Amino acid sequence: MDYFIIFITTVTGLYFHWWLYVRIKRWMDRDLALSLAGPDEARRAYMLERLAEAGRQGVRRRDLAQWLERAAAEYPAP
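Residues numbered from 1 in each chain as written. Predicted model: local features only at pLDDT ≥ 70, side-chain atom pairs only at ≥ 80, totals over all residues. Heavy atoms only, no water.

With that out of the way, let us pick up the side chain of Asp29. Structurally, Asp29 can be placed in helix 1 (residues 2–37). On the accessibility criterion, Asp29 (17% relative accessible area) is buried. At a separation of 2.5 Å, a polar atom in the side chain of Asp29 contacts the side chain of Arg61. Leave out the neighbours within four places in its chain, and Asp29 touches Leu51, Arg61 and Leu64. (Helix = DSSP H or I, 4+ residues; strand = E, 2+ residues; numbered from the N terminus. Buried < 20%, exposed > 50% of the residue type's maximum accessible area, 1.4 Å probe, protein only. Polar contact = N/O pair within 3.5 Å; in protein donor to acceptor, adjacent residues only side chain to side chain. Contact = heavy atoms within 4.5 Å.)

A separate point is the UniProt feature "transmembrane region" (unreviewed entry) in the protein chain. UniProt's feature table lists "transmembrane region" (unreviewed entry) at residues 6–22, given in the numbering used throughout. Counted over residues 6–22, helix gives 100% and strand 0%. Its end C-alpha atoms are 24 Å apart. (UniProt positions renumbered as here; feature names shortened; annotations may be inferred.)

Let us look at helix 1. Helix length check: helix 1 (36 residues) gives 53 Å between terminal C-alpha atoms against 52 Å at 1.5 Å per residue, within 8%. Taken as a whole, helix 1 has its buried residues at Val22, Asp29, Ala33, Leu34 and Ala37. Gly38, located one to two residues past helix 1, shows a positive phi value of around 80°. (Expected span 1.5 Å × (residues − 1).)

Our next topic: the pattern of salt bridges. Scanning all chains against the criterion turns up four salt bridges. Across the salt bridge formed by Arg61 and Asp29, the nearest N and O atoms sit 2.5 Å from each other. Here Arg61, found in helix 3 (residues 61–73), pairs with Asp29, found in helix 1; they are 32 residues apart in sequence, far enough to count as distant. For Arg61, a relative accessible area of 39% puts it in the partly exposed group. Note that Arg44 is salt-bridged to Glu41, the shortest N-O span being 3.9 Å. Here Glu41 and Arg44 lie together in helix 2 (residues 41–57), a separation of three residues that amounts to about one turn. (Salt bridge = Lys/Arg side-chain N within 4 Å of Asp/Glu carboxyl O.)

Okay, here's the thing in structure tokens:
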């Protein structure tokens, strides 16, 4: 019974740390996209759409900053 409790506790802790790691990565990516957008609400929505598109296209994390910078530069000027 002791081993079962240790196993369950360990698996739960590992899952929690994995979940937290994934959430922090998502928050960092979202923060990057919003920081490139600035205070303009329309541009913020555009950058969040580009971030979602980058996820669908499978853009690697190391290339994400450059990809988002290009997307921000392509935003149509008012």
